[in-house]
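Examining the three-dimensional arrangement
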Amino acid sequence: MKRESGLRYAAMSDQGKRERNEDAYFAGEVAGYHIFAVADGLGGHASGDVASRMAIEVLKETAGEGFGETSPLALLERAFQRANAAVCTYNREKHLNAATTLSAAIVDESGRCWIGTVGDSRAYIITPSSIWHTRDQSYVQSLLEAGVLSPAEAMLHPGKNILTQALGLETRVQVDLEERNITGAVLVVSSDGLHDYVPERAIQEVVTTHEPDVACRMLIDAAKDSASTDNITVIVARAA
């Protein structure tokens, strides 16, 4: 577990029962900001592991250029579009259809938090009394919003892995952007190997009562106990 500038955080990834781990992540400080990101390569596409690592590297490189007068949300938009273009170029050169999700959070010393998401990897902001998370760009999410499914039904739906957006498949991608504050809260960034199997109330209980390193292990174990066979990646950051 790392402690920096009022943040305590940890990150962990588990291959699960898959042949390889197609998740990639980053948790660290770049250009004076903390960055937490999870990318999940799409298992049905060739080289999903390459796409996820590429997305994380492009995000780090873009942030490493510095913010200057660029707002964190604008930087996230730029990084996501660059990552999308990089994976698209890779696909053209290799005659593949690699793709990946990406959820990334930029946090400053005051607790302000800027979040970008493509696909169904998620960022949560959790307190003992509240749970907020990013919107999945998925077919099942559209059914939830239409009132066709309940949250419990959505977790069991056979089409829950069908995405409406991913990096690498189109020349432009729609990035969902949010600005929040995590002061006094816990930030969680995860791949769907966690949140497709562990209910949000269970995630809340773990991350609000345990230190980040312990919480990461407990969440991965909870996903496995709930029959997750997917790669599982989770970052837990607790703000002072």
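The notes below deal with the structure included here.

**Here's the deal with the environment of alanine 74**
Structurally, alanine 74 can be placed in helix 2 (residues 72–94). Of the residues examined, alanine 74 reaches a relative accessible area of 37% and is grouped as partly exposed.

**Some words on helix 1 (residues 48–64)**
Residue pairs three or four apart in sequence face the same way in an α-helix, which turns once every 3.6 residues. A rise of 1.5 Å per residue sets the reference length of helix 1, with its 17 residues, at 24 Å; its end C-alpha atoms lie 24 Å apart and thus fit the reference within 8%. Looking only at helix 1, the buried set comprises Gly48, Asp49, Ala51, Ser52, Met54, Ala55, Ile56, Val58, Leu59, Thr62 and Ala63. If you follow the buried residues of helix 1, they end up packed against strand 3 (23–30), strand 4 (33–40), helix 2 and strand 5 (102–107).

**Topic: the state of the cysteines**
The full count for this structure, using the stated rule, is zero disulfides. Cysteine 113 supplies the cysteine sulfur nearest to cysteine 216, a cysteine that is in no disulfide, at a spacing of 16 Å. Taking relative accessible area as the criterion, cysteine 216 reaches 0% and is therefore assigned buried.

**Section: the sheet that holds strand 9 (residues 176–181)**
The sheet built from five strands is open, its strands ordered 3-4-5-6-9 with antiparallel pairing. The open sheet has two edge strands, strand 3 and strand 9, and neither has a second partner. Between one strand and the next, the sheet's axes are offset by a mean angle of 10°, whatever the strand orientation.

**A look at helix 7 (residues 212–225)**
The end-to-end C-alpha distance of helix 7, which contains 14 residues, comes to 20 Å, matching closely the 20 Å that a straight helix rising 1.5 Å per residue would cover. Along helix 7, the residues that are buried comprise Pro212, Ala215, Cys216, Leu219, Ile220 and Ala223. All buried residues of helix 7 project into a common sector of 130° when viewed along the axis, lining one side. On its buried face, helix 7 sits against strand 2 (7–14), helix 5 (192–195), helix 6 (200–209) and strand 11 (232–239). Phi turns positive one or two residues past the end of helix 7, at alanine 227, with a value near 75°.

**A look at the packing of helix 1 against helix 2**
Interaxial distance between helix 1 and helix 2 falls to 9 Å at its minimum, and their mutual angle equals 140°. Taken together, the axes of helix 1 and helix 2 lie oblique to each other. For helix 1 against helix 2, the interelement crossing comes out right-handed. Packed against helix 1, whose contacting residues are Val50, Ala51, Met54, Ala55, Val58, Leu59, Thr62 and Ala63, the element helix 2 presents Leu75, Leu76, Arg78, Ala79, Arg82, Ala83, Ala86, Val87 and Tyr90 at the interface. Its residues placed into classes, the contact of helix 1 with helix 2 shows 14 nonpolar, one polar and two charged.

Thresholds, definitions, all that
- Here, residues in each chain are numbered from 1, in the same order as that chain's written sequence.
- pLDDT decides what is reported in this predicted model: residues at 70 or higher carry local features, side-chain atom pairs at 80 or more are listed and counted, and totals for whole chains, interfaces and linings draw on all residues regardless.
- Heavy atoms from the whole structure form the basis of all side-chain values; hydrogens and water molecules are not counted.
- What counts as a helix is a DSSP run of H or I of at least four residues, what counts as a strand is a run of E of at least two, and both are numbered from the N terminus.
- Working definition: with a 1.4 Å probe on protein chains only, accessible area under 20% of the residue-type maximum means buried, over 50% means exposed, and in between means partly exposed.
- The span expected for a helix works out to 1.5 Å for each residue beyond the first.
- We call two residues in contact whenever any of their non-hydrogen atoms come within 4.5 Å of each other.
- Put simply, a disulfide is two cysteine sulfurs that come within 2.5 Å.
- We call two strands paired when DSSP finds no fewer than two bridges between them.
- All axes here are fitted lines through C-alpha atoms, helices being fitted over the stretch that makes contact, and every angle between N-to-C directions spans 0 to 180 degrees.
- Directions from the helix axis toward the C-beta atoms define the arc.
- Oblique is the label for every angle not falling under 35 degrees (roughly parallel), over 145 degrees (roughly antiparallel), or within 65 to 115 degrees (roughly perpendicular).
- Two helices crossing with the near one rotated counterclockwise from the far one by less than a right angle form a left-handed crossing, whereas a clockwise rotation gives a right-handed crossing.
- Following the grouping adopted for this structure description, the nonpolar residues are Ala, Val, Leu, Ile, Met, Phe, Trp, Tyr, Cys and Pro, the charged ones are Asp, Glu, Lys and Arg, and the polar ones are all others, Gly among them.

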